[in-house]
Amino acid sequence: MTVKTPKVGAAALPLNQILAGDCIEVMRSLPEGSVDLVFADPPYNLQLRGDLHRPDNSRVDAVNDAWDRFGSFEAYDRFTRDWLAAARRLLKPGGAIWVIGSYHNIFRVGVAMQDAGFWILNDVVWRKSNPMPNFRGKRLTNAHETLIWASKSEGAKYTFNYEALKALNEGVQMRSDWVLPICTGHERLKTESGEKAHPTQKPESLLHRVLVGSTNPGDVVLDPFFGTGTTGAVARMLGRSFIGIEREATYRDAATKRLEKVRPLDRAALETTTSKRAEPRIPFGQLLERGLLRPGEMLVSPRGKAAKVRVDGSLVSAEHRGSIHQVGAALEGAPSCNGWTYWQFKRDGKLIPIDILRQQLRAEQGQA
């Protein structure tokens, strides 16, 4: 893992590197249209006044760093518009962005995103299963943060691995409210003195869900507020490339040490559930061309009705002719029929669905 200061105008894309410097200047130096996804965890502009203490008078390790301080809402809005414009320039036409924030900033960020031309796809509520309590007892416990997911522009194509997220959610469609714990325990990075290495380190579970759902292996993920490298760690594990930008040297050092310990998953582990529509289209005639079926061979329906395979991949029965779908529908008196799951062929006295042959060809294409 390397930390580099990029050269302005550099053409090469610095994959799997942490770039030192101001995120806006660094992003402006990178090639246009070069990244698939931006995940941004910008300063929240918490507007804290003084230290925060628990009821036992111990001090809370809250966010009071200089990078989270802005002189006014106007200054924060200018900063937001500038980094969003720089990030949008880097996205490919089919790229997308995720931005996470709290009630302090996410509404202002959302307006800036729409003004910049992004098209909002979802707002996701990350409900923390173990939130920090409100120690002063003057407000509700702040138990969630909001993520905005947006495509580069209205009508643009974007990656959405619907079936993968559904599988991740035990076969149920993934909702826009995610119940996940905050970063604690062994995952929380600490300094040598035992303090938090970063006050707002995000849990890897959150990034895992984002990247599995909206990127594919080999995609490039940019994080302009890299911090201690959660985005990079999860991207590296999931077979994605990352570009991190971080101006604070202490965070870069912590991220570098963290990333050196991450090992990518093997290719088989990176495969996810896909929709039937996403699988390669296999014409029935290709089974004949490959010799998996022979012209003149008989196909049989579940109810014993038969049709002969012709040399062009069409079928003919006693009364009907046409595609595997058309003949199947005609025999059943139905408006439509999935011929792949309807027809069977005989081998060694056993009836086998022709869809087995289609899956065999799809597997070969996937290996190629």
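These figures come from a predicted structure and were not determined experimentally.

**Section: the packing of aromatic side chains**
Next, step 1: The final tally for this structure, using the stated rule, is 11 aromatic pairs.
Next, step 2: Aromatic side chains Tyr76 and Phe79 sit 6.3 Å apart centroid to centroid with 50° between the ring planes, which places their arrangement in the tilted category. With Tyr76 and Phe79 both in helix H2 (residues 73-90) and three residues apart, this pair spans about one turn of that helix.
Next, step 3: Taking the relative accessible area as the measure of exposure, Tyr76 reaches 1% and is therefore buried.
Next, step 4: On the basis of relative accessible area, Phe79 is assigned to the buried category, the value being 16%.
Next, step 5: Relative to Phe242, the ring of Phe226 lies with its centre 5.6 Å away and its plane at 15°, an arrangement referred to as stacked. Separated by 16 residues along the polypeptide, Phe226 in the loop between strand E8 (220-223) and helix H6 (230-237) and Phe242 in strand E9 (residues 241-246) bring together distant segments of the chain. For the pair shown, Phe226 and Phe242 are each scored as buried.
Next, step 6: An aromatic cluster is built from Trp98, Trp149, Tyr158, Phe160, Tyr162 and Trp178, whose rings are joined through pairwise contacts.
Next, step 7: Its end group placed over the ring of Phe118, Arg88 keeps NZ or CZ at 5.7 Å from the ring centre.
Next, step 8: Positioned above the aromatic ring of Trp178, the side-chain terminus of Arg209 is 5.1 Å from the ring centre.

Rules behind the numbers
Residues numbered from 1 in each chain as written. Predicted model: local features only at pLDDT ≥ 70, side-chain atom pairs only at ≥ 80, totals over all residues. Heavy atoms only, no water. Phe/Tyr/Trp six-rings, centres within 6.5 Å; stacked < 30°, edge-to-face > 60°. Helix = DSSP H or I, 4+ residues; strand = E, 2+ residues; numbered from the N terminus. Buried < 20%, exposed > 50% of the residue type's maximum accessible area, 1.4 Å probe, protein only. Lys NZ or Arg CZ within 6 Å of the ring centre and 35° of its normal.

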